[in-house]
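# Coordinate analysis (summary)
Here is how the chains run, residue by residue.
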Amino acid sequence: MDRLRLLETFIRIVERGSISAAARDLDLSQASASRQLAQLEDRLGDTLVVRSTHALALTEAGERLLPDARALVAGWDALDDKADANGPLTGSVRAVVPIALGQTILLPALVRFQQSHPDLSVTWRLEDGDIRFAEEGCDLWIKVGRPRDENLISRIVAEVERIVVAAPALPPAATPDALSQRPCLSLGPFEGTRLRLHGPDGKDIRLELSARLATNDIRVTHAAAREGLGFAVLPRWLAASDLSEGRLVDYLPGWTAPRLSITLNYAPASRTLRRMVALRDALETALRAGLSAS
């Protein structure tokens, strides 16, 4: 247990980027956390972390140790979980979810989940971009698209329909070609100004557009479209209430952008942990229900 505790402290220091932040998380004094790191380095006979005034950096030995440390701690966690199979869910889960989904469809499911499991803590990070799963200490990653990390278990749990939307006041575009004459709101993480559309007759077209507003934040794109700054490609679920209440219109009825896959991603070591299974099931159910309702 003593050695596992040293490994847990090392992992948390790496994740938090500072000894003081890790100490707060672990309810230790900074001196105790520093001492545990020094003890681990003494046991292994190597320096794991290079300390400076402003930051910490892993040495080569630290980089080699980190995945093994995670695997050892996760293995013990799995054994402990099985031993208490009928007890309440405890511990913590660190989840990374897309910004818009994490603020809307998934948030009520998270609240209900934590109300049902008061002894379990969840870190809820909103992020649309890629993350370095292992280095950041993530347990569960809901992502638009497939992750690049082939070491993760990755499952497609939903498909997102996307349409071209605009405020009613924007002059209409009778055909996709007319979009080049209208102001475009470009969402960087996806196609940006290179737009591909699929039509009702099965025809695919590709357009090169110039952006009036370019951003990497879907919330900005959504708000700008409602204000009439231009047309945008948005998920139907996100625009659904605006479409029903007339704040936005389907700008090119029958035309859609390529669907996006929503994937649920996690490390093999956490596959059977009860708290992970429970949270995965709750969020997957919420995703399927919320996206199909739109």
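Residues numbered from 1 in each chain as written. Predicted model: local features only at pLDDT ≥ 70, side-chain atom pairs only at ≥ 80, totals over all residues. Heavy atoms only, no water.

This structure, assessed with the given rule, holds two cavities of 30 Å³ or more. Of the pockets and cavities examined, the largest cavity occupies roughly 70 Å³. Around the largest cavity sit Cys-184, Leu-185, Ser-186, Leu-187, Glu-191, Gly-192, Leu-195, Thr-221, Phe-231, Ala-232 and Val-233, which together line it. Counting only elements with at least two residues in the lining of the largest cavity, the list comes to strand 7 (184-187) and strand 11 (232-235). Split by residue class, the lining of the largest cavity holds seven nonpolar, three polar and one charged. Residue composition of the lining of the second largest cavity, by class: four nonpolar, one polar and three charged. (1 Å grid on protein atoms, 1.4 Å probe; cavity = no way out; pocket = protein on both sides within 12 Å on 5 of 7 lines; lining within 4 Å. Points joined across faces, edges and corners; volume = space filled by probe spheres on them. Helix = DSSP H or I, 4+ residues; strand = E, 2+ residues; numbered from the N terminus. Nonpolar A, V, L, I, M, F, W, Y, C, P; charged D, E, K, R; others polar.)

Moving on to the side chain of Lys-143. Of note, Lys-143 is situated in strand 5 (residues 140-144). With sequence-adjacent residues up to four places away left out, Lys-143 is seen in contact with Pro-98, Asp-130, Ser-261, Ile-262, Thr-263 and Asn-265. (Contact = heavy atoms within 4.5 Å.)

What follows is about the packing of aromatic side chains. Any pair of aromatic rings gets described here by the distance separating the centres and the angle formed by the planes. Counting across every chain of the model gives one aromatic pair. Its guanidinium or amino end placed over the ring of Tyr-266, Arg-280 lies 3.9 Å from that ring's centre, counting from NZ or CZ. (Phe/Tyr/Trp six-rings, centres within 6.5 Å; stacked < 30°, edge-to-face > 60°. Lys NZ or Arg CZ within 6 Å of the ring centre and 35° of its normal.)

Our next topic: the side chain of Glu-41. When you line up the elements, Glu-41 lands in helix 3 (residues 30-44). With sequence-adjacent residues up to four places away left out, Glu-41 is seen in contact with Asp-46, Thr-47, Leu-48, Val-49 and Arg-51.

To continue, consider the pattern of salt bridges. One pass over the full model with this rule turns up 14 salt bridges. One salt bridge in this structure joins Asp-130 and Lys-143, with 2.7 Å as the shortest N-O distance. On the criterion of sequence distance, the pair formed by Asp-130 in the loop between strand 4 (120-126) and strand 5 and Lys-143 in strand 5 is long-range, its members being 13 residues apart. Here Asp-130 falls in the partly exposed class, since its relative accessible area comes to 40%. With a shortest N-O distance of 3.5 Å, Asp-130 and Arg-148 are connected by a salt bridge. (Salt bridge = Lys/Arg side-chain N within 4 Å of Asp/Glu carboxyl O. Buried < 20%, exposed > 50% of the residue type's maximum accessible area, 1.4 Å probe, protein only.)

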